[in-house]
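Remarks on the overall topology
Read off the chains here:
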Amino acid sequence: MDFQIEVNNRKIGAFEGEKLLGALQRNGFRIPTLCHMNRFSPTGACRLCVVEVEGKGDLITSCSYPVEEGMKVKTNSRRVIHARKSLVELLLSNHPDDCLYCQRNGDCELQWLAGEMNVRERRYFGEKNRFFPDYSSSSVARDPAKCVLCSRCVRICEEVQLVTAIDFISRGNKTKVNSAFGQGLNVSSCIHCGQCIQVCPTAALLDISHLEKIQAALASDRKKVMFFISPSVIASVAEKLNMRPRDNVMKKIVSALKRCGADRVFDLGFANDINILEDAHRLVQVLQAKSEKPLPVISSCCPSWVRYAEEFRPGALDNMSLSKSPQQVLGTMLKTLYAENQKTDIEGIYTVAVMPCVAKKYEASLEKNTHKGVSEVDSVLTVRELLRMLRSFGLDLSQMEEEEVDSPYDVCSSAAWKLGYSGGKAEAVARQVFNMTAGSKKDTFRFNLPKNQSIRRETKITIGKEQLGFAWVSSIVEAEKYLQELEEEGRDDIHYVEVMACLGGCAGGGGQPISRGFENVKARKRFCVEMEKLSPVKSPADNPSLGKMFGDSGFDPGNAAARDWLKNSFDEKK
Amino acid sequence: MFMDTTDIDKVFQKFPNQKREDLIPILQAVQDEFGYLSSEVINEVGRYLGMSENKIYGVATFYDNFRFTSRGRHHFRLCHGTACHVAGASTILKELEKLIKVSEGETGEDGLFSLEVVSCMGACGLAPLIQVNDKFYTNITLDSLKEIVVSIRKKDKASI
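This is a predicted model, so every value here is computed, not measured. (Residues numbered from 1 in each chain as written. Chains lettered and ligands numbered in written order. Predicted model: local features only at pLDDT ≥ 70, side-chain atom pairs only at ≥ 80, totals over all residues.)

1. Regarding the overall build of chain A
Stated precisely, the cut-off is as follows: Comment: elements are numbered from the N terminus, with helices defined as DSSP H or I runs of at least four residues and strands as E runs of at least two. Whether a residue is buried, exposed or partly exposed follows from its count of other C-beta atoms within 10 Å of its own C-beta, namely 20 or more, 12 or fewer, or something in between, respectively; the C-beta atoms are built from the backbone. Distance between backbone-placed C-beta atoms decides contact: two residues are in contact if it is within 7 Å.
A tally of helices and strands in chain A yields 18 helices and 19 strands. Scored against the burial criterion, the 574 residues of chain A give a buried share of 47%. Within chain A, contacts between residues separated by at least 24 positions form 74% of all contacts whose residues are at least 6 apart in sequence.

2. Section: the overall build of chain B
Across its full length, chain B holds 7 helices and 4 strands. Projected onto its principal axes, the C-alpha positions of chain B cover 55 × 40 × 25 Å. Counting over 160 residues, chain B shows a buried share of 28%.

3. Concerning the pairing of strand E1 (residues 3–7) of chain A
Residues and elements named next belong to chain A. Definition in use: When DSSP finds two or more bridges between a pair of strands, those strands are recorded as paired.
Where E1 and strand E2 (residues 10–14) come together, 5 bridges link them in antiparallel fashion. Of the residues in E2, the one forming a bridge with Glu-6 is Lys-11. Here E1 hands over to E2 after 2 residues, with Asn-8 in that stretch at a positive phi of 50°. In terms of strand pairing, E1 meets strand E5 (residues 72–74) through 2 bridges, oriented parallel.

4. A look at the environment of Asn-369 of chain A
All names here are of chain A. With respect to the secondary-structure elements, Asn-369 resides in the loop between helix H12 (359–365) and strand E14 (370–371). Between the C-alpha atoms of Asn-369 and Gln-328, which are 41 residues apart in sequence, the distance is 7.0 Å. Leaving out residues up to four positions away in the same chain, Asn-369 has contacts with Gln-328, Glu-363, Ala-364, Ser-375, Glu-376 and Val-377.

5. Here we look at the pairing of strand E19 (residues 496–500) of chain A
All names here are of chain A. Counted only if it meets this: Here, the term right-handed applies to a crossover whose path from the first strand over the helix to the second runs clockwise when the strands point away from the viewer.
Summarising burial for E19: 5 of the 5 residues are buried, a large majority. Here E19 shows no split at all, with Tyr-496, Glu-498 and Met-500 on one side and Val-497 and Val-499 on the other all buried. Two strands pair when backbone bridges link them, and strand E12 (residues 297–298) and E19 are joined in this way by 2 bridges, in the parallel orientation. Looking at E19, one finds that Ile-298 is bridged to Val-497. As judged from the 5 bridges shared by strand E18 (residues 466–474) and E19, these two strands associate in the parallel manner. Note that in E19 the partner of Phe-470 across the bridge is Tyr-496. Regarding the hand of the β-α-β motif, the stretch spanning E18, helix H15 (residues 476–488) and E19 is right-handed.

6. A closer look at unusual backbone geometry
In this chain, Leu-295 of chain A is followed by Pro-296 of chain A through a cis amide linkage whose omega measures -5°. Mapped onto the elements of the fold, Pro-296 of chain A is located in the loop between helix H9 (269–288) and E12. For the bond from Ala-127 of chain B to Pro-128 of chain B, the omega torsion is -10°, close enough to zero to count as cis. Among the structural elements, Pro-128 of chain B can be located in the loop between strand E2 (113–118) and strand E3 (130–132). A positive phi angle, near 60°, is found at Leu-162 of chain A, a position not held by glycine.

7. Quick look at the interface of chain B and chain A
Keep this limit in mind: Side-chain classes are defined by residue name, with Ala, Val, Leu, Ile, Met, Phe, Trp, Tyr, Cys and Pro counting as nonpolar, Asp, Glu, Lys and Arg as charged, and the others, Gly among them, as polar.
Opposite the 10 residues of chain B that make contact, chain A presents 14 residues. Here the side of chain B that touches chain A gets 7 residues from one element, more than from any other, and that element is helix H4 (residues 53–62) of chain B. Looking at the side of chain B that touches chain A residue by residue, the classes come out as 3 nonpolar, 5 polar and 2 charged.

8. Here's the deal with the domain arrangement of chain A
So the rule is basically this: Bear in mind that the domain bounds are from an automatic or database domain assignment.
When its domains are assigned, chain A resolves into domain 1 (3–76), domain 2 (92–207) and domain 3 (211–411 + 509–535 + 542–574). Computed from C-alpha coordinates alone, the two centres of domain 1 of chain A and domain 3 of chain A are separated by 44 Å.

9. Observations regarding helix H11 (residues 326–342) of chain A
An α-helical turn contains 3.6 residues, so a residue and the one three or four places further along point in the same direction. All names here are of chain A. This is how the line gets drawn: The angle between axes fitted to the seven residues ending at a residue and the seven residues starting there is what we call the bend at that residue.
For H11, the principal kink sits at Leu-334 and spans about 40°. All of the buried residues along H11 are Pro-326, Gln-327, Gln-328, Val-329, Leu-330, Gly-331, Thr-332, Met-333, Leu-334, Lys-335 and Tyr-338. Positive phi appears at Lys-343, one or two residues downstream of H11, with a value of about 50°.

10. Concerning the domain arrangement of chain B
Segmenting chain B into domains produces domain 1 (8–62) and domain 2 (74–159). In this structure, domain 1 of chain B and domain 2 of chain B have C-alpha centres spaced 30 Å apart.

11. Overview of the packing of helix H6 (residues 89–100) of chain B against helix H7 (residues 142–159) of chain B
All names here are of chain B. Inclusion rule: Under this scheme, a helix contributes an axis fitted over its contacting stretch, all axes are lines through C-alpha atoms, and angles between N-to-C directions fall in the 0 to 180 degree range. An angle below 35 degrees is read as roughly parallel, one above 145 as roughly antiparallel, one from 65 to 115 as roughly perpendicular, and any other as oblique. Working rule for handedness: look at the near helix, and if it is turned counterclockwise from the far one by less than a right angle, call the crossing left-handed; if clockwise, right-handed.
Between H6 and H7, the shortest axis-to-axis distance is 10 Å and the interhelical angle comes to 30°. Comparing the axis directions of H6 and H7 gives the class roughly parallel. By crossing handedness, the relation of H6 to H7 is classed as right-handed. On H7, the residues touching Ile-92, Glu-95, Leu-96, Leu-99 and Ile-100 of H6 are Leu-142, Leu-145, Lys-146 and Val-149. Grouping the constituent residues of the contact of H6 with H7 by class yields 7 nonpolar, no polar and 2 charged.

12. Points about the environment of Ala-289 of chain A
Residues and elements named next belong to chain A. Locating Ala-289 in the fold gives a position in the loop between H9 and E12. For Ala-289, a count of 9 C-beta atoms within 10 Å corresponds to the exposed category. Sequence separation of Ala-289 and Asp-556 is 267 residues, and the distance between their C-alpha atoms is 19 Å.

13. Describing the nonpolar core
Among soluble globular proteins, nonpolar side chains are generally buried collectively. What counts, and what does not: A set of buried Ala, Val, Leu, Ile, Met, Phe, Trp, Tyr and Cys residues, joined to one another through C-beta atoms within 7 Å, is what we call a nonpolar core.
With 155 residues, the main nonpolar core has Cys-153, Phe-227, Ile-229, Ile-253 and Leu-330 of chain A as its most contacted residues. Counting residues in each nonpolar core, the second largest holds 17 residues, with Ala-89, Leu-93, Ile-100 and Leu-115 of chain B among its members.

14. Structural notes on the confidence of the model for chain B
We count it as follows: Think of pLDDT as the predictor's per-residue confidence, scored from 0 to 100.
Taken as a whole, chain B shows an average pLDDT of 91; of its residues, 99% reach a score of 70 or greater. Taken over the whole predicted complex, pTM reads 0.90, whereas the ipTM for its chain interfaces reads 0.86.

15. Let's talk about the sheet that holds E19 of chain A
All names here are of chain A. Taken in spatial order, the 4 strands of this open sheet run E12-E19-E18-E17, and their pairing is mixed. The sheet terminates laterally at E12 and strand E17 (457–463), the two strands that pair on one side only. Relative to E18, E17 runs antiparallel, the two being bridged by 7 bridges. Residue pairing for E18: Lys-460 is matched across the bridge by Gly-469. Packed on one face of the sheet, helix H14 (residues 424–437) meets E17, E18 and E19 and runs near 160° to E18.

So this is what it looks like as structure tokens:
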């Protein structure tokens, strides 16, 4: 602590140069705010964090005001409380007020604030916001009428994801968040990451819901509905319901989905394993044919990152690993191999991926991801939608009995859990490269990392005679910086780069339950790490499901037949 | 309707730095060249400066001087300063919108009329007033407004 300040007649410590809000929050003073985001510069847009400072005539916004030695602050004087309450009332005056019909009912910061500020009558009658909602995108829906213009989505889209798919349009009381010419997100530069949904305090940004479609399919006799669940979904469902790694969350989800009418429930971890094998294979292949193919190999399992590269960084496409994302791998398998094995018509299979991601909805809708004119993945549920669906069916996960995951895609190796967080995939690929080239098994190998952790990381490991560099970045801004750096410095010591578009990887995905700060993301990562330890199958190559699917010869990543359906393709913007 | 933007490089040549700071001067120059900022033009500017189209549109809409639709052959500017407001500019505006079937800030589909509302033109003694292209009409009443529109329509027909 550099010095002390006085807050509500109590002394607290503060650091030179920090903002008042930070000092207050650290000391347990709860200050309401709608626009503040950690790690971002303050905007003072919502003004809810106002406090009274002795010697200042006006109320000041604590988020943007630096602390001063000996300053005297009042955070809950009558004047402050009154100002905050009026602000909330004014925000509500043009809000649609349709909370009962709102998807974020009960999970809305504006609603909480109205409750906290004890707003119990309508004092301001204003003209209501009337804007057309934008359902043009395959992933993100916008309802500008519910927007409070806090600028969180605009800032995260511009500063973290570098795409500025939405921005403030016009000025003054006509300001709204929109894309250029109101053309809709589908034709904008949106990369579908859904981070805007995560930061939106209200329901102005939502995922395009596939719930109705799925419920219709579940009720239909002609469709066999097959769910497959991503390991990172299990982590966040467990987090939401206070379950522990040993609670067999997956088996409970299986049982619940069966009660909803699911025909089969599979573990997407199997496809994660294939994805890791493919990436490792590609890396080894490139290393062996040094001259022809470019290094580093860049992961392509994140559809937002692929979309970004297609639009803004076409140069990176040559380096992309060619493997399909796990979701599309399993979707393809169900509609080809599995359908053949089961002698089922592919029209009769309805595949539903449960993912921590909204970009997967976009990915599933792409034409390249169809087979004989039928989508490989028919619907994608986010974690939020899954929880909502279970509630609407009246199911309580904690009360469910445990049911086994359906064969053949029932095993998830410990490596597959690594796709759930940033850095995990690079580590899993490194292990696999060890196994493939060094001849010795290193299934519990972990990167040896320095203690000072930052978002972007890299490490070097020695495999056989060679030293290989592995790097992993999450968020587009970090990816862009890192790849630029590699290019400019002409570095050739990095051989594999894992890129995830969301901060923290899939643990911080746009389809996760609304996260309040980075703590949730860290908790989900810890869960995945725990599950890695519990998983009996360590190496992806040892996954018994591979044998079940591909026969005794096993899965051969370089195999031409396998390539055909497992190959990803990219659509460079002209 | 797509705009031909082949000449835009000539405008860009005046701004060789390709810096974000040049955005507003570039937009002004481009608007001078093309008359307004179309989606195609903004796209080209974005490509030149490496900026998102949405960002540029957001910046441009902040300023009143940028237009996003082409002007009609007869561009109405209606003064809505304090004096004109007191003299009934709001009523005039509503009536004018009805007469020319174009709402504020827009251009009719036939390209005949466009309507812009501006702050004080500085001729408060003559309120309310409108400007059509280069010509000013002062002390407007609902009746005289109708005559103005009818006469412009006639003239336009004759000229074609």
